[in-house]
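Now for the letters of each chain:
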Amino acid sequence: MEIERKFLIKSLPQHLDSYPFHQIEQGYLCTDPVVRIRREDETYYLTYKSKGFMVRKEYNLPLTKDAYQHLLAKVDGNLISKKRYLLPLGSSLTIELDVFEGALSPLILAEVEFDTEESAKAFTPPEWFGEDVTYCADYHNSALSQTGKKS
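Residues numbered from 1 in each chain as written. Predicted model: local features only at pLDDT ≥ 70, side-chain atom pairs only at ≥ 80, totals over all residues. Heavy atoms only, no water.

Caption draft 1: The arrangement of the pairing of strand β9 (residues 108–113) in detail. In terms of residue burial, β9 counts as a mostly covered element, since 5 of its 6 residues are buried. Sheet analysis places strand β1 (residues 2–9) next to β9, joined by 5 bridges and oriented antiparallel. By the bridge assignment for β9, R5 is matched with V112. Two elements, strand β8 (residues 93–100) and β9, share 5 bridges in a ladder whose sense is antiparallel. Bridging from a neighbouring strand, I95 pairs with V112 of β9. (Buried < 20%, exposed > 50% of the residue type's maximum accessible area, 1.4 Å probe, protein only. Helix = DSSP H or I, 4+ residues; strand = E, 2+ residues; numbered from the N terminus. Pairing = 2+ DSSP bridges.)

Caption draft 2: Broad picture of the pattern of salt bridges. Counted by the stated rule, this structure contains 11 salt bridges. Two residues, R84 and E96, come together in a salt bridge whose shortest N-O distance is 3.6 Å. Taken as a pair, R84 in strand β7 (residues 80–89) and E96 in strand β8 lie far apart in primary sequence, 12 residues in all. The two residues R84 and E96 agree in class, both being buried. For E111, the salt bridge identified is with R84, shortest N-O distance 3.6 Å. You can see E111 sitting in strand β9 and its partner R84 sitting in strand β7, a full 27 residues away along the chain. The exposure classification of E111 matches that of R84, with both residues buried. When salt bridges that share partners are traced, they join K6, K82, R84, E96, D98 and E111 into one network. (Salt bridge = Lys/Arg side-chain N within 4 Å of Asp/Glu carboxyl O.)

Interpretation in functional terms is not warranted from these geometric data alone.
Right, here's the structure in full:
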């Protein structure tokens, strides 16, 4: 189960390049239901996500590089490329800050995952976070792969 909140960003935190990051490329084989392939650095996955907003079922299966390359030709819509920075928040949370590249640049989104719905609902975002887009389907990566750039 994935429990997360998603936000637009008003301004980037200082010293962003000092945080660890992953280079991510992902494409969608289907958007209803969501079936995605992802390359995260040199690790490859096939992911299924259920419908929903803050709470969704998510299943990840490992792929080989060859399987990923084979499935790339079957991607529907645009391939998404982004750099995901991992910023610690308090003692138990991590901000996944996605800086989109290519056609989706300069979009920047922050996601924070939680253990419970209660903690997600009680979350107070940092001041540098912007609008909460958790319940806006337009900001699901699957939708962005189909519609393109958001302002």
